Amino acid sequence: EFSFLLAKDRVGDADDRLRVERAVYRGEDRKGQTFTITAANAVQRTSATPVVELNRISALLDTPEGPSRAVAERGRYDLERERIYVDGPVKFAEGTETRLQTRDVVVDLPTRTVASGGAVDGQVPLGRFIAGRISADVRGRVVVLDKGASLH
């Protein structure tokens, strides 16, 4: 909780509708696992555009297998569709044995699905893998490697 006093005679006009430095969103999923999403800054340009631009994004989820972490340089959160669009490279790590890299990811929050727009490579306990694309159903804990997938 916080409160503040604002004197309207001392307020200037802002170029953006909303700008937050060091934005942090904390919560708990349906399984009681805590998560934290942070961005170095978040900007919504106008109220007519329901998109919040995010820079230097980091997401941390505490799971029974250990912490899962994803990082990306920039993305956008669509308030109406409840989707996060990550532009460019994304790195993901879970525990000490699972790592992957991909790019151009869409996270659909209502359906709890994730899909990449680019190739993926990584390491899991079974070995190293590559594929042209990755998609995941977070609820069902199903991951699909598509377009030329191989595991070594």
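Details of the structure are given in the entry above.
Worth saying up front: this structure is predicted, and the values here are computed from it rather than measured.

Enquirer: Got a sec to walk through unusual backbone geometry? Specific residues and values, please.
Expert: Of note in this structure, R56 is not a glycine but carries a positive phi near 50°. Examined against the element boundaries, R56 turns out to sit in strand β3 (residues 51-63). Of note in this structure, D104 is not a glycine but carries a positive phi near 50°. On the secondary structure map, D104 appears in strand β6 (residues 98-108). Given the relative accessible area of 32%, D104 is considered partly exposed.

Enquirer: Residues and numbers for the pairing of β3, please.
Expert: Across eight bridges, the pairing between strand β2 (residues 34-44) and β3 is antiparallel. Bridging from a neighbouring strand, T36 pairs with L60 of β3. Hairpin connection of β2 to β3: six residues between the antiparallel strands. Relative to strand β4 (residues 66-78), β3 runs antiparallel, the two being bridged by twelve bridges. Its bridge partner lying in β4, N55 is registered against R74. Here β3 folds back onto β4 in antiparallel fashion, the turn holding two residues.

Procedures and definitions
Residues numbered from 1 in each chain as written. Predicted model: local features only at pLDDT ≥ 70, side-chain atom pairs only at ≥ 80, totals over all residues. Heavy atoms only, no water. Helix = DSSP H or I, 4+ residues; strand = E, 2+ residues; numbered from the N terminus. Buried < 20%, exposed > 50% of the residue type's maximum accessible area, 1.4 Å probe, protein only. Pairing = 2+ DSSP bridges.

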